[in-house]
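Secondary and tertiary structure notes
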Number of protein chains: 2
Amino acid sequence: MDKKVYQCTVSAPVNIAVIKYWGKRDVALNLPTNSSISVTLSQDDLRTVTTASCSEKFENDTLWLNGNAEEIFANKRLRVCVEELRKARLDLEEENDDLDKIGALKLHVVSENNFPTAAGLASSAAGYAAFCEAIARLYDLPWTPTQLSRIARQGSGSACRSLFGGYVAWEMGELHSGADSVAVQVEPVENWPEIRVAVLVASAAKKGVSSTAGMQATVASSTLFQHRIQNIVPQRIQEMKTAIRERDFETFAKLTMTDSNQFHACCLDTFPPIFYLNDTSRAVIRVVENINATAGKTIAAYTFDAGPNAVIYFLEENSEIVLNTLYAVTKNAEGWSKQYGSSPVTVDSAAANIVSSGISRVILTRVGNGPRVLTIDESLIDASGNPKFIGSH
Amino acid sequence: MDKKVYQCTVSAPVNIAVIKYWGKRDVALNLPTNSSISVTLSQDDLRTVTTASCSEKFENDTLWLNGNAEEIFANKRLRVCVEELRKARLDLEEENDDLDKIGALKLHVVSENNFPTAAGLASSAAGYAAFCEAIARLYDLPWTPTQLSRIARQGSGSACRSLFGGYVAWEMGELHSGADSVAVQVEPVENWPEIRVAVLVASAAKKGVSSTAGMQATVASSTLFQHRIQNIVPQRIQEMKTAIRERDFETFAKLTMTDSNQFHACCLDTFPPIFYLNDTSRAVIRVVENINATAGKTIAAYTFDAGPNAVIYFLEENSEIVLNTLYAVTKNAEGWSKQYGSSPVTVDSAAANIVSSGISRVILTRVGNGPRVLTIDESLIDASGNPKFIGSH
């Protein structure tokens, strides 16, 4: 008789922080030195799809990530997540005899991003969120997203924020155990659905210092960083939550830009200094400044993570001025689905030239919802429990 | 009878800060938010020569700066300097009837840099130092360099440090009047004559935000800056003085690099952000890191002012490894007087390419002495008291 394959497929979103996570107070547990806030991006445009399955016939706990197999237990971060989720399932099975005994079975997990990993789009956040969500659903764990976020956080810190849609805070917590270092929703998409996002992917976006190594170098050597986490971020977190609740774009934008700048300032104050922004990033900042100057108010906000790619937030009502301007300076980049009208903004010509040659791809998206359970049709495994290897790599 | 022309010609040096001046607590008086320390560069390589003259036959107080005439009283900073110096001379004449009555005569001042102003080499420091020194000597003022530094500071803040050779501190002072915001010598050249300097001038060194505007934007908007000036710089000043006294290059170098980085971090934390470092600057930092990694200790230190040009400090004993490496990556730049040997340092190839195309000129120099009085042969005025217009522009 064929052994049964249990499975569940989910998708999870990318999130982009507007108050930045940078620095761990506990590296093993991924406990941050400060709280952070992010916007969840729509899975219509950027997502990780993951199928978690288990069966008596599987021999190893294996993850296929974008087609590459790895043993889950060879990767400490993956192992920590699986161990916690499996233990929770085994506890349930012990309490309830009616449940299928699947907690002890080996897992096959297949995960695919719909965007190139090389694009540097914080794929680990969506990846670990989908990984944990898929296994938690496979195991039918009766957990809230906040409860699951404690597990996902241990995979990749910012993954905890990808378990919610809309506007999400990762509260740093105080406990040594990390039990209170979890994600909570600040507001759902519905509170402020008008937020639009343009991701400008830089051509030479090869990875510099990894964010894990980089943030701990900052913690160890930047004399400005302690001031940031103790005296500046706590107030910004409160101001950002209020801005999101009140749909106050100008405050949201100003905080987003200044916090991105301050994160990169702390990288520069690290010794040896860490540089994620390059001349292209700086030119994008100039273009956003040109847009806001023409508008006479702040209608666009830039933010940069641990790389030169720019993420630009704006409101739907300002799509035309923002996108026409971005199109004018990046029209040769991949990702534009149509021709836009002429730019109403006069862009600094030196900046326009640098952006034009430095940005290779544009992704237009918006604020979106949290993880979704997908149908069996979208499963990434075949009937025997092996990866189908579909999807774009 | 021909009216007499009184004159005096001096030269003054450039200085490059190792603990940075950035931020004024009083804009009119050029009172800084923090103390700073600099190294005076040799006038054999970089200098401003200035002749100050006065005569009954002159009709206006006029400055010819690199061949361009301007009325001294049309420039507030020049006027403040002249008014204070003239008043000091008039006071002397009042006390001593034997003195020639020259304080009330109009001034002709002619000033020439021996390096292109466009090179962005803080020419205002050498310029105002030479301007004040030449007039003070013309007037025979019995002042110490520290007393004169109070005047030069009001012309251009960092000019006060160019009145001394060697290693110089500008003590921020506490008084509202600025009377105690003056330069003092930390150590003369003789204490540590082995310091060598390579200036790497960036090709696209067009001036961004002026330092005067930039620093006040930082004071107004950077939330990290207050922490820097209150909690970080005071200790660094003490550590740097000790390093200079003890000829401790590794500490000198580490402080120089971290303070340059922190100054630029505060620029990035300014809103809107100010960028002086570009991809070329960052690649130079990488080259210096490569040199130090090969040496197994810190033998070279970078610092950057309000522009992308790099200044690299090293000891004479390490000239070969440092200069051979810099030559290898900038051999097409102007300023190399010979071919150097092959580089013992393996430079990151991406950084080497960026430096090679981004650096257009190299100036090799060393720590040097303070202002000098030159002979009448080197005067920049002719017998009638008008500029000779010699020298390189």
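Residues numbered from 1 in each chain as written. Chains lettered and ligands numbered in written order. Predicted model: local features only at pLDDT ≥ 70, side-chain atom pairs only at ≥ 80, totals over all residues. Heavy atoms only, no water.

All names here are of chain B. Among the six residues that make up strand E14 (residues 310-315), six are buried, leaving the element largely enclosed by the rest of the structure. Burial along E14 is two-sided: the residues Ala310, Ile312 and Phe314 and Val311, Tyr313 and Leu315 are all buried. Pairing analysis gives six bridges linking strand E12 (residues 195-202) to E14, with the strands arranged antiparallel. Its bridge partner being in E14, Ile195 is matched across the sheet by Leu315. With four bridges joining them, strand E13 (residues 300-303) and E14 adopt antiparallel strand pairing. Paired with Ala301 across the bridge in E14 is Tyr313. (Buried < 20%, exposed > 50% of the residue type's maximum accessible area, 1.4 Å probe, protein only. Helix = DSSP H or I, 4+ residues; strand = E, 2+ residues; numbered from the N terminus. Pairing = 2+ DSSP bridges.)

Superposition record for chain B on chain A: RMSD 0.0 Å, screw rotation 180°, translation along axis 0.0 Å. On the angle and the small slide along the axis, the relation comes out as a two-fold axis. When C-alpha distances to the rotation axis are compared across chain B, the minimum falls at Ala265 of chain B, with a value of 2.1 Å. A symmetric contact is evident, with 100% of the interface residues of chain B recurring at the interface of chain A. (Least-squares fit on C-alpha atoms with pLDDT ≥ 70 in both. Contact = heavy atoms within 4.5 Å.)

Contacts between chain B and chain A engage 29 residues on the former and 29 residues on the latter. Summing both partners gives a buried area of about 2,400 Å² for chain B against chain A, and 66% of it is carried by carbon and sulfur. For the chain B face of the interface with chain A, the top three residues by lost area are Leu224, Phe271 and Arg282 of chain B, together amounting to 25%. Seen at the junction of chain B and chain A, the total is nine residue pairs in polar contact (both at pLDDT 80 or more). (Buried area = accessible area lost by both parts, 1.4 Å probe. Polar contact = N/O pair within 3.5 Å; in protein donor to acceptor, adjacent residues only side chain to side chain.)

Next up on the list: the nonpolar core. Formed by 177 residues in total, the largest nonpolar core has its most connected members in Ile195 and Phe252 of chain A together with Ile195 and Phe252 of chain B. Setting aside residues up to four positions removed in sequence, Ile195 of chain A forms contacts with Tyr167, Phe249, Phe252, Tyr313, Phe314, Leu315, Arg366 and Val367 of chain A. (Core = buried A, V, L, I, M, F, W, Y, C linked by side-chain atoms within 4.5 Å.)

Moving on: the UniProt feature "binding site: (R)-5-diphosphomevalonate" in chain A. All names here are of chain A. The feature "binding site: (R)-5-diphosphomevalonate", as given by UniProt, occupies Tyr21, Trp22, Gly23, Lys24, Arg77, Ser156, Gly157, Ser158, Ala159, Cys160, Arg161 and Thr212 in the numbering adopted here. Within the element layout of this structure, Trp22 appears in the loop between strand E2 (15-19) and strand E3 (24-26). In this structure Trp22 touches Thr33, Asn34, Ser211, Gly214, Met215, Thr218, Phe225, Phe263, Cys267, Tyr276 and Ala306, once residues within four positions along its chain are discounted. Within the secondary structure, Lys24 is located in strand E3. Apart from the residues lying within four places of it in its own chain, the contact partners of Lys24 are Asn30, Leu31, Pro32, Thr33, Thr212, Met215, Gln216 and Val219. Side-chain polar atoms of Lys24 contact the side chain of Tyr21, separated by 3.3 Å. (UniProt positions renumbered as here; feature names shortened; annotations may be inferred.)

Moving on, we come to the side chain of Lys241 of chain A. Along the chain, the position of Lys241 of chain A falls in helix H5 (residues 225-245). Not counting chain neighbours up to four residues away, the residues in contact with Lys241 of chain A comprise Ile37, Ala169, Glu171 and Val186 of chain A.

Once that is clear, we can look at the domain arrangement of chain A. Residues and elements named next belong to chain A. Domain annotation of chain A identifies domain 1 (5-189 + 371-378) and domain 2 (195-366). Computed from C-alpha atoms alone, the centre-to-centre distance between domain 1 and domain 2 is 27 Å. Every contact between the two is made by 31 residues of domain 1 and, on the other side, 42 residues of domain 2. Together, the buried faces of domain 1 and domain 2 total about 3,000 Å²; carbon and sulfur atoms form 70% of this surface. In this structure, Arg245 and Glu187 form a salt bridge, with 3.5 Å as the shortest nitrogen-oxygen distance. In this structure, the connection of domain 1 to domain 2 is made through 10 residue pairs in polar contact (both at pLDDT 80 or more). Those elements that place two or more of their residues in the side of domain 1 that touches domain 2 are E2, strand E5 (36-40), strand E10 (167-171) and strand E11 (182-187). For the side of domain 1 that touches domain 2, the class distribution of residues is 18 nonpolar, eight polar and five charged. (Domains from an automatic or database assignment. Salt bridge = Lys/Arg side-chain N within 4 Å of Asp/Glu carboxyl O. Nonpolar A, V, L, I, M, F, W, Y, C, P; charged D, E, K, R; others polar.)

What follows covers helix H7 (residues 279-295) of chain B. Helical geometry note: an α-helix holds 3.6 residues per turn, so side chains three or four residues apart project in the same direction. All names here are of chain B. The terminal C-alpha atoms of H7, which comprises 17 residues, lie 25 Å apart, in line with the 24 Å expected from a rise of 1.5 Å per residue. Most of H7 is tucked away, with 12 of its 17 residues classed as buried. Of all the positions in H7, only Thr280, Ser281, Arg282, Ala283, Val284, Ile285, Val287, Val288, Glu289, Asn290, Ile291 and Asn292 are classed as buried. Gly296, located one to two residues past H7, shows a positive phi value of around 80°. (Expected span 1.5 Å × (residues − 1).)

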